[in-house]
Number of protein chains: 2
Amino acid sequence: MSTGSAADHHRQNPPAGRPTIFGTASTMGDDEQLTTTRLFADAARSFASQEIVYRNQDGQWHTTTYAETWRRIRRVAAGLREYGVEPGTRVGLLMWNDIRHFESYFAVPALGATMVQLNLRLSPKDIAYVVEQSQVTHIIVDESLAQLAGEVEKHLSGSVSRWFIATDHPLSAAQSRLHNVHSYDSVSTHNPPLEELPNVDERSASGACFTTGTTGRPKGVFYSHRSTWLHADAIATNLCMRLDDTVMLLTPMFHVQCWGLPFAAVKTGARIVLPGRFTMQDTPMLVDAMAEYEVTVAPAAPAILNPVLHRFRQMEQAPDLSRARFVCGASEPPISLMRGIYELTGAEVIHAYGATETSPIATVNRILPTLAASMDEEQRWDLRRSQGLAVIGVDVKIADPLGEPLPFDGKSVGEICLRGPWITKSYFENPEANESAFDEEGYWRSGDAGTVDADGYLKVTDRLKDVIKSGGEWISSIDMENTLAGHGDVADVAVVGVPHPKWGERPLVLVVPVEGAQVTTELVHQVLRKDFADWQLPERVEIVEEIARTSVGKINKRSLREIYAEAYGGSE
Amino acid sequence: MSTGSAADHHRQNPPAGRPTIFGTASTMGDDEQLTTTRLFADAARSFASQEIVYRNQDGQWHTTTYAETWRRIRRVAAGLREYGVEPGTRVGLLMWNDIRHFESYFAVPALGATMVQLNLRLSPKDIAYVVEQSQVTHIIVDESLAQLAGEVEKHLSGSVSRWFIATDHPLSAAQSRLHNVHSYDSVSTHNPPLEELPNVDERSASGACFTTGTTGRPKGVFYSHRSTWLHADAIATNLCMRLDDTVMLLTPMFHVQCWGLPFAAVKTGARIVLPGRFTMQDTPMLVDAMAEYEVTVAPAAPAILNPVLHRFRQMEQAPDLSRARFVCGASEPPISLMRGIYELTGAEVIHAYGATETSPIATVNRILPTLAASMDEEQRWDLRRSQGLAVIGVDVKIADPLGEPLPFDGKSVGEICLRGPWITKSYFENPEANESAFDEEGYWRSGDAGTVDADGYLKVTDRLKDVIKSGGEWISSIDMENTLAGHGDVADVAVVGVPHPKWGERPLVLVVPVEGAQVTTELVHQVLRKDFADWQLPERVEIVEEIARTSVGKINKRSLREIYAEAYGGSE
């Protein structure tokens, strides 16, 4: 047994799922509730003059303060209460990353209600399903999404009693056919700030997100005030967030609660930058704002960082972002992406791992000082690709098919199972999904396959359903994608396993070449040979114009497998 | 109403003391317990190879790892369980800052028991009082404190059933007349590491400290696992602690749980340095270790930092500690001290405020970026003297004599009252003290007078009982001490109010001059005149060899007031 190894950890952690025992009562304020309301109230006191910068619907930038935003939050709460929002009410939010969305993050839970994030990239029918499944009765919607909201309403059976349009303009100008419509701004300026807020139990749901893009209908995850608070602490600690940080909310605020960064930013008193509505075409605007406001922290994903890097490359002089950390989720960031950003701007891309079910931060990639000393630069870059170290508070189990823990040896591959104060224990009112997604010890089964090594680093080897099973052996589609992504002629790449009559499955490679480049099967084999055995090399390479992705930027492998189902002749 | 001001905050915070209301149930792992056991178990997994450096009883330095220490902790737990420690047991610790004390910090609570810190600077009679009042049945004692333990035992009525001597030598060599004695090391090597630890309720007490130095008998504060976890998060966030920090435990681990830094260090995976037994005479050893291990964080107090600064000045080349933050509690650090350390080593002295009752961190001095821009260097140094910004999670009320909140305007002086998840709600089994120390809203009354300004900065103006009431006006003894402490001829200084037949009280100044310097009443008046009115100047200045201090380094004003009670002729 080595003296400094996580190897036998799976036998060390106390069984948190067992009944609790009580020792001596403490004298502490253990009944003081950890709520997002307390979070903002305290921040508005201790960081009163700290700034929140936001871009309105016409593209203009404005600045407000924590103290002023706290007054706005309590005015919004007063208005919502007047229209029937009370403890237990679920309020849908169909919004971009703007100041009103940010206010709603705190105003809705302050009343003991739950904000339900509506993913504007889902179909109107799926959004309507989320609304009805979570019993949403009030919805706040951006003016620019009023048309979509109208489509959603057609699928609803009248369960939504109030719509609030968030607009910089008079309500009459909003092109909306919705019923029972109010202006968010007039509702929120109608009342003075609420003075008396309820003392909400920390185990009440403050927010909710629905999973997307896998099998079946979206599944609801309801975050508690407590889990949100603890998760914010975990992020602040793991990203070393500071009072002099500037946090730009760069991923959608409707998706996995924006990596929890709105809460972590408030907790640390950081300056917050809200870019409003934007699409990939607005990348130059985002990059300019990063430079202008000296952004130091942002939630991200490879699908967002790729165009950002592209933009840096176009600039005569990329901005100095040497204090910046991009927390990168969704899928493994290629070394070429991390290195490209670092070399041009000094910014660090930090790979983190999680899901809607995990709030999302379960692991964060940081290099242990005890390891760094013995590694060269290439090894350090390679280590950065791993999902990193499990955050304190999160239990990790690498489970064999029977649910038994496998050793943390960097070799034993099993399903990654997670448990902890900000990991879900069930899906909202969904007994069918709950049956298979949680094990007997209360772990959430991620559906990802991976290893943990003796130093504690988690490595996702594949989605269990994305792994390519060829002749009884496994081929990692992710490893193959990453190897190819590093080649200069490759703009985008996907590897999927498709049915093969002899081998069960075989890898198929889809490549988007960079403009003017030629990518042949031969070249692909040549690039892959340094990391892969001959039998693993794909028989077919398809040149495509675009790779299909889900609403959060993950490669849509389900769809690709369907499209290319017959590429190798189909199943036996 | 300004847009960025904390001024109306006292009306903003939700009334946490009121009954809670419940909204929608979350789906999260809200029943996952926040325990110090989970904290170390997870750290031993994620930071397995990170180091813990310790100095043993013979002065030799050794290095171990988080993973190895976790195995040791579970062996100690196994041994203690064998000798009757179970959920609800209270285990006394009479120990220096060594590795065994550190192990005990986690081993005792892992069993659902409570570690009761015994302040080795109290009299044997007072220690015995603490032991009996908290119903301690097992005590772990450093070999070097075995004599003291023997004195303590004489005052006990047989309530302690087991003593464990922590020694590097055979038990037979320990000069001890204690009964039922075991060797800590043989107890802890007798068993394999405990595999199955109980799932302890987070509201159970993990540790306890007793208040010292004020009126009456010591009063017990019992910290919960939950409060310890949340407090660790608060420290880590407010000090921006990182995986590459090195934390030296420089204040006694028996006192206010060492500022919470043992827990915050483990939570962030920092390297930990335990200097073992030391006194002021060992300052050169401490300073050498700071340089050797590149210490970046340490809990401190002016009484510790003064000799450290003195040592830096003696050195040909003071060490580069430019990444270091000394978290300084107990009393306001003079600018001369903060500046002296900064100029010689680059280290930052961060003033923080709290007490045994507050875990202790309630406020931390950080300069808001929005303020820093408009301040010059002198203003920034001056701001650093304040107690700083209340930590998120802590409610502050500046109370008038009726307990009503005063505005946060930087002028209204009232009693500082605190409430929050890591602030005590009562003293342990002490109805008499509880009667007066807590108000109707559940705030702990600190006994300190102070203001909060519109930016949120707390400033302690005085201990309510240390303030000098002269002719119906107040004179701040702390301000007067700080002004005098900055003068080059003054090595140490105290200002107390003593009875005066005409004015009620008048200030009396005690000065320890630096070697060879002459300090006259005239000089004192000259120094004070820049900050004080003529009527406030002290009539008497006493030159003394030493200033009486309490066991934690605070000036013992109670004792000084007694000694000099007749200096101005006594009460009318």
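Residues numbered from 1 in each chain as written. Chains lettered and ligands numbered in written order. Predicted model: local features only at pLDDT ≥ 70, side-chain atom pairs only at ≥ 80, totals over all residues. Heavy atoms only, no water.

Chain A has the name Long-chain-fatty-acid--CoA ligase in an unreviewed UniProt entry, where Nesterenkonia aerolata is given as its organism.

## Digging into the overall build of chain A
The test is simple: Secondary structure elements are defined from DSSP: runs of H or I of at least 4 residues count as helices, runs of E of at least 2 residues count as strands, and each element is numbered from the N terminus. We compute the radius of gyration over the C-alpha atoms and compare it with the globule rule, which gives 2.2 Å times the number of residues raised to the power 0.38. Pairs of residues are marked as contacts when any of their non-hydrogen atoms sit within 4.5 Å. Using a 1.4 Å probe, accessible areas were evaluated by the Shrake-Rupley method; residue-level cover was limited to the displayed protein chains. Only four residue types enter the tally: Lys and Arg on the positive side, Asp and Glu on the negative side; His and the chain ends are excluded. All charge positions are set by atom: Lys at NZ, Arg at CZ, Asp at CG, Glu at CD.
Per the secondary structure count, chain A includes 17 helices and 27 strands. Against the 2.2 N^0.38 benchmark of 25 Å for 572 residues, chain A shows a C-alpha radius of gyration of 24 Å, consistent with a compact globule. Projected onto the principal axes, the alpha-carbon positions of chain A cover approximately 70 × 65 × 50 Å. In chain A, the proportion of contacts linking residues at least 24 apart, taken out of those at least 6 apart, comes to 70%. A total of about 20800 Å² of accessible surface is found on chain A, and carbon and sulfur atoms cover 47% of it. If the 53 positive side-chain charges of chain A are averaged to one point and the 74 negative ones to another, these points end up 2 Å apart.

## With respect to the relation of the copies chain A and chain B
Filter applied, for reference: A least-squares superposition brings the copies together, and it is based on the C-alpha atoms of residues with pLDDT no lower than 70 in both.
Aligned on chain B, chain A shows an RMSD of 0.1 Å; the corresponding rotation is 180° and the shift along the axis is 0.0 Å. The superposition of one copy onto the other is thereby described by a two-fold rotation axis. Take the interface residues of chain A: 100% of them recur as interface residues in chain B, which is what a same-surface contact looks like.

## So, the interface of chain A and chain B
The criterion, for reference: Buried area: the accessible surface (1.4 Å probe) lost by two parts on joining, summed over both. Salt bridges are defined as contacts in which a side-chain nitrogen from Lys or Arg sits within 4 Å of a carboxyl oxygen from Asp or Glu. Each polar contact in these results corresponds to two N or O atoms within 3.5 Å; when the atoms are within protein, one needs to be able to donate a hydrogen and the other to accept it, and residues that are neighboring in sequence are counted only if both atoms are side-chain atoms. Residue classes follow a fixed rule: Ala, Val, Leu, Ile, Met, Phe, Trp, Tyr, Cys and Pro count as nonpolar, while Asp, Glu, Lys and Arg count as charged, and any other residue, Gly among them, counts as polar. In this description, strands pair whenever DSSP reports at least two bridges between them.
On the side of chain B, 115 residues touch chain A, which itself brings 115 residues to the contact. For the pair chain A and chain B, the summed buried surface comes to about 9400 Å²; carbon and sulfur atoms form 52% of the total. Of the charged contacts in the structure, one is a salt bridge between A:Asp31 and B:Lys425, with a shortest N-O distance of 3.6 Å. For the pair chain A and chain B, the interface holds 48 residue pairs in polar contact (both at pLDDT 80 or more). When residues in the side of chain A that touches chain B are grouped by element, the largest group, 9 residues, is from helix H1 (residues 36-46) of chain A. A breakdown of the residues in the side of chain A that touches chain B according to their chemical character gives 49 nonpolar, 36 polar and 30 charged. As paired strands, strand E9 (residues 199-200) of chain A and strand E1 (residues 20-21) of chain B are joined by 2 bridges and run parallel to one another. Among the inter-strand pairings, A:Asn199 is bridged to a residue of E1(B), identified as B:Thr20.

## Notes on the nonpolar core
The condition that has to hold: We call a set of buried residues a nonpolar core when its members are Ala, Val, Leu, Ile, Met, Phe, Trp, Tyr or Cys and they connect through side-chain atoms within 4.5 Å of each other. The classification of residues rests on relative accessible area computed with a 1.4 Å probe and restricted to protein chains. Under 20% of the type maximum is buried, over 50% is exposed, and intermediate values are partly exposed.
Counting 200 residues, the largest nonpolar core has A:Met241, A:Leu261, B:Met241 and B:Leu261 as its most contacted members. In terms of nonpolar packing, the next biggest core, distinct from the first, is built from 31 residues, A:Leu286, A:Val287, A:Val295 and A:Met315 among them.

## Considerations on a negative patch on the surface
Which entries qualify depends on this criterion: Exposure above 30% relative accessible area and no salt bridge define the residues that can form patches, which grow by joining like charges within 9 Å and nonpolar side chains of Val, Leu, Ile, Met, Phe, Trp and Tyr within 5 Å.
Taken together, the side chains of A:Asp288, A:Glu292, A:Glu294 and A:Asp320 define an acidic patch exposed on the protein surface. Structurally, A:Glu294 is set in the loop between helix H9 (283-292) and strand E14 (297-300).

## Comments concerning the packing of helix H1 (residues 36-46) of chain B against helix H7 (residues 225-238) of chain B
Residues and elements named next belong to chain B. How we decide: Whenever a helix is involved, its axis is fitted only over the stretch in contact; in every case the axis is a line through C-alpha atoms, and angles between N-to-C directions fall within 0 to 180 degrees. For this classification, under 35 degrees means roughly parallel, over 145 means roughly antiparallel, 65 to 115 means roughly perpendicular, and everything else is oblique.
With their axes 8 Å apart at the nearest point, H1 and H7 run at an angle of 50° to one another. In this view, H1 runs oblique relative to H7, as classed from their interaxial angle. On H7, the residues touching Thr-36, Thr-37, Arg-38 and Leu-39 of H1 are His-225, Thr-228 and Trp-229. Looking at side-chain class alone, the contact of H1 with H7 contains 2 nonpolar, 4 polar and 1 charged residues.

## Here's the deal with the sheet that holds strand E7 (residues 162-166) of chain A
Residue and element names in this part refer to chain A. Spatial strand order, E8-E7-E6-E4-E5-E10-E11: 7 strands in an open sheet with mixed pairing. The two strands at the open ends of the sheet, each matched to only one other strand, are strand E8 (181-183) and strand E11 (220-224). Taken over all neighbouring pairs, the strand axes of this sheet differ in orientation by 25° on average, direction set aside. When strand E4 (residues 90-94) meets strand E5 (residues 114-117), the two strands line up parallel, connected through 4 bridges. Each residue of the ladder has a partner; that of Leu-93, found in E5, is Gln-117.

## Description of helix H3 (residues 99-110) of chain B
Residues and elements named next belong to chain B. As a reminder of what qualifies: In a helix, the anticipated span is given by 1.5 Å times the number of residues less one.
The terminal C-alpha atoms of H3, which comprises 12 residues, lie 17 Å apart, in line with the 16 Å expected from a rise of 1.5 Å per residue. In terms of burial, H3 is largely enclosed, as 12 of its 12 residues are buried. Three or more residues of H3 are buried, namely Ile-99, Arg-100, His-101, Phe-102, Glu-103, Ser-104, Tyr-105, Phe-106, Ala-107, Val-108, Pro-109 and Ala-110. In the stretch just after H3, Gly-112 is the one whose phi turns positive, near 85°.

## Considerations on the sheet that holds strand E6 (residues 136-142) of chain B
Residue and element names in this part refer to chain B. The sheet built from 7 strands is open, its strands ordered E8-E7-E6-E4-E5-E10-E11 with mixed pairing. The outermost strands of the open sheet, each flanked by one partner alone, are strand E8 (181-183) and strand E11 (220-224). Neighbouring strand axes in the sheet, compared pairwise and without regard to direction, differ in orientation by 25° on average. In this sheet, strand E7 (residues 162-166) lies alongside E6 in parallel orientation, the contact comprising 5 bridges. In the strand pairing of E7, His-138 is matched with Arg-162.

## Regarding the environment of A:Arg366
Tracing the chain through its elements places A:Arg366 in the loop between strand E17 (363-364) and helix H12 (369-372). Taking the C-alpha atoms as reference points, A:Arg366 and A:Phe326, 40 residues apart in sequence, are found 13 Å from one another. Ignoring anything within four residues of it in the chain, the contact list for A:Arg366 reads A:Asn238, A:Leu389, A:Tyr457, B:Phe47 and B:Leu243. At a separation of 3.1 Å, a polar atom in the side chain of A:Arg366 contacts the side chain of A:Asn238.

## Some points on the side chain of B:Thr69
All names here are of chain B. You can see Thr-69 is positioned in helix H2 (residues 66-82). Accessibility expressed as a relative area gives 2% for Thr-69, which makes it buried. If we skip the residues at most four places from it in the chain, Thr-69 touches Phe-40, Ile-52, Thr-64, Phe-102 and Glu-103.

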